[in-house]
Amino acid sequence: MTIAARVDRPRVSAVSQASGPDTQPLRRRARRRRRLTALAFVAPLIAYLAAFYVYPLYRNLDLSLRDYTVRSFVAGDAPFSGWDNFQKVLDDPTFGPAMRHTMVFTFVSIAFQYVIGLALAVFFNRHFRLAPTLRALFLIPWLLPLIVSASTWSWMLNSESGVVNYFLHFLGVGPVGWLTSPDWALTSVIIANIWIGIPFNLVILYSGLQNIPGELYEAASLDGASAWQQFRRITFPLLRPVSAITLLLGLVYTLKVFDLIWIMTKGGPGDTSSTLATWSYQLGFGTLLPKFGPGAAVGNILILIALVFGLLYIRVQSGQRRQEA
């Protein structure tokens, strides 16, 4: 037997022993160690979601399904009432106007925020000298605390000493009760909310424009396409995924706007600017005898509306992916 044969034979046996049944426990321990490591990284996120999302949603649902009073809220022995709180909310005469105001406030706000934000994004996409400075200035409404923005708008729209009525006086227009008139209260909070939401749309849509290749515009210019044709044929179609997520996030955010309306009008005068968000607060915390169950039921209705639009967005996106495939 040659020396090479003697050397090769132990190698083969060593490899066969290394891949034999004795290594299976080692492999299982290695897999278990990898799983535990992955779980250790995911555990903080799971704990955060459970503490700040799952548990509050569960408590809100529990509140809406029980007949809570102040005493039972503290003691925790509220009787189960099923869907009675939801029925009370739906039968309440405030529900119809609050739902209508919520829809008007939400859709008018996000429509103007998107259109103005898109126009500004296209304008700043030209990369002129002052574009970065002006773009930073447009972010101020987004950076200010909401209580500051709402208080500022309340002062500007004040019927007696507001700067808006002061300028209208020079134009020969009489004073307008922006925050005190039933005809103008909802319009006033919509204007303020549009101003606050424009920077968000500007930032997201401007980022989407940066991902559109410039060669497409150069080719369109060589073909004689006008600026409007380039926007309609190139910019807007390629921005659809970004536009969809922008509108969805704007919808979810605007549905739950409470502090802006509460600071400016408190849902009044009467209920003329009341939305589901402000009504939910009024039911749960706005009186000496709070109605926790109906207030939570209104909050769950808001969650359900947002969930419906979220599922609709997922369905539309999955349909687009199937078409592209």
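Criteria and thresholds
Residues numbered from 1 in each chain as written. Predicted model: local features only at pLDDT ≥ 70, side-chain atom pairs only at ≥ 80, totals over all residues. Heavy atoms only, no water. UniProt positions renumbered as here; feature names shortened; annotations may be inferred. Core = buried A, V, L, I, M, F, W, Y, C linked by side-chain atoms within 4.5 Å. Buried < 20%, exposed > 50% of the residue type's maximum accessible area, 1.4 Å probe, protein only. Helix = DSSP H or I, 4+ residues; strand = E, 2+ residues; numbered from the N terminus. Contact = heavy atoms within 4.5 Å. Patch = residues over 30% accessible without salt bridge, like charges linked within 9 Å, V, L, I, M, F, W, Y side chains within 5 Å. Areas by Shrake-Rupley, 256 points an atom, 1.4 Å probe, with all protein chains shown as cover. Salt bridge = Lys/Arg side-chain N within 4 Å of Asp/Glu carboxyl O. Lys, Arg positive; Asp, Glu negative; His and termini not counted. Charge placed at Lys NZ, Arg CZ, Asp CG, Glu CD. pLDDT = per-residue confidence, 0-100. Phe/Tyr/Trp six-rings, centres within 6.5 Å; stacked < 30°, edge-to-face > 60°. Axes fitted to C-alpha atoms, helices over the stretch in contact; angles between N-to-C directions. Parallel < 35°, antiparallel > 145°, perpendicular 65-115°, else oblique. Left-handed = near helix turned anticlockwise from the far one by under 90°. Nonpolar A, V, L, I, M, F, W, Y, C, P; charged D, E, K, R; others polar.

The name given to the protein in an unreviewed UniProt entry is Carbohydrate ABC transporter permease, with Streptomyces cellulosae as the source organism. According to UniProt, the comment filed for the protein under the heading Subcellular location (unreviewed entry) is "Cell membrane".

Draft legend 1. Main features of the nonpolar core. Counting residues in hydrophobic clusters, the biggest one holds 36 residues, and the most contacted among them are Phe105, Leu260 and Met264. Taken together, the elements giving at least two residues each to this core come down to helix 5 (95-124), helix 8 (146-156), helix 10 (185-210), helix 11 (214-222), helix 12 (227-238) and helix 14 (259-264). The leading source of residues in this core is helix 10, at eleven residues. Leave out the neighbours within four places in its chain, and Leu260 touches Leu146, Ala150, Val189, Ala192, Asn193 and Ile196. Counting 19 residues, the second-largest nonpolar core is a separate cluster that includes Phe86, Ile110, Ala297 and Ile305.

Draft legend 2. Summary view of the UniProt feature "domain: ABC transmembrane type-1" (unreviewed entry) in the protein. Per the UniProt entry, the sites bearing "domain: ABC transmembrane type-1" (unreviewed entry) are residues 99-313 in this numbering. In this annotation, residues 99-313 is assigned 73% helix and 0% strand; the end-to-end C-alpha distance for the span is 22 Å.

Draft legend 3. Representation of a positive patch on the surface in the model. Positive charge collects at one region of the surface, where Arg27, Arg28, Arg29, Arg31, Arg32, Arg33, Arg34 and Arg35 lie side by side. Positionally, Arg29 belongs in helix 2 (residues 24-64).

Draft legend 4. Quick look at the confidence of the model for the protein. Within the protein, residue pLDDT values average 85, and 92% of them lie at 70 or more. Mean pLDDT across the secondary structure elements of the protein bottoms out at helix 1 (residues 3-18), with 45, and peaks at helix 5, with 93. The model gives residues 1-18 a pLDDT under 50, and that stretch makes four contacts with residues more than four places away or in other chains.

Draft legend 5. How the structure looks around the UniProt feature "transmembrane region" (unreviewed entry) in the protein. Using the residue numbers shown here, the UniProt feature "transmembrane region" (unreviewed entry) corresponds to residues 36-55, 103-124, 136-156, 184-206, 242-264 and 292-314. Across residues 36-55 one finds 100% helix and 0% strand; the C-alpha atoms that close the span lie 25 Å apart. When the span residues 184-206 is considered, its composition is 96% helix and 0% strand, and the gap between its end C-alpha atoms is 33 Å.

Draft legend 6. Structural view of the packing of aromatic side chains. A full pass over the atoms with the stated rule returns 20 aromatic pairs. Relative to Trp279, the ring of Phe95 lies with its centre 6.5 Å away and its plane at 50°, an arrangement referred to as tilted. Pair noted here: Phe95 is in helix 5 and Trp279 is in helix 15 (residues 276-285), with a separation of 184 residues, a long-range link. A relative accessible area of 4% means that Trp279 is categorised as buried.

Draft legend 7. Expanded view of the packing of helix 10 against helix 13 (residues 240-255). At a minimum axis distance of 10 Å, the contact between helix 10 and helix 13 shows a crossing angle of 155°. Viewed along their axes, helix 10 and helix 13 adopt a mutual orientation that is roughly antiparallel. Both helix 10 and helix 13 take part in a crossing whose hand is right-handed. Contacts between helix 10 and helix 13 involve Asn193, Phe200, Asn201, Ile204, Leu205 and Gly208 from the first element and Val242, Ser243, Thr246, Leu249, Tyr253 and Thr254 from the second. Tallied by class, the residues present in the contact of helix 10 with helix 13 amount to six nonpolar, six polar and no charged.

Draft legend 8. How the structure looks around a nonpolar patch on the surface. Taken together, the side chains of Phe123, Leu130, Leu134, Leu137, Phe138, Ile140, Leu144, Ile147, Val148, Trp195 and Ile263 define a hydrophobic patch exposed on the protein surface, amounting to about 910 Å² of accessible area. Mapped onto the nonpolar patch, the elements with two or more residues apiece are helix 6 (131-137) and helix 8. Examined against the element boundaries, Ile140 turns out to sit in helix 7 (residues 140-143). On the accessibility criterion, Ile140 (40% relative accessible area) is partly exposed.

Draft legend 9. Region of the structure containing the environment of Ile305. Its place among the elements puts Ile305 in helix 16 (residues 292-324). Placed 53 residues apart in sequence, Ile305 and Val252 show a C-alpha to C-alpha distance of 8.9 Å. Residue contacts for Ile305: discarding those within four places in its chain leaves Met99, Met103, Leu255 and Leu276.

Draft legend 10. Representation of the pattern of salt bridges. Tallying each qualifying case throughout the model produces two salt bridges. Its salt-bridge partner being Arg59, residue Asp62 comes within 3.1 Å of it at the nearest N-O pair. Linking Asp62 with Arg59, this pair stays in helix 2, spanning three residues, or about one helical turn. Exposure remark for Asp62: the relative accessible area of 13% places this residue in the buried category. In this structure Arg59 comes out as partly exposed when scored by relative accessible area, which is 24%. One continuous salt-bridge network, built from bridges that share partners, spans Arg59, Asp62 and Arg66.

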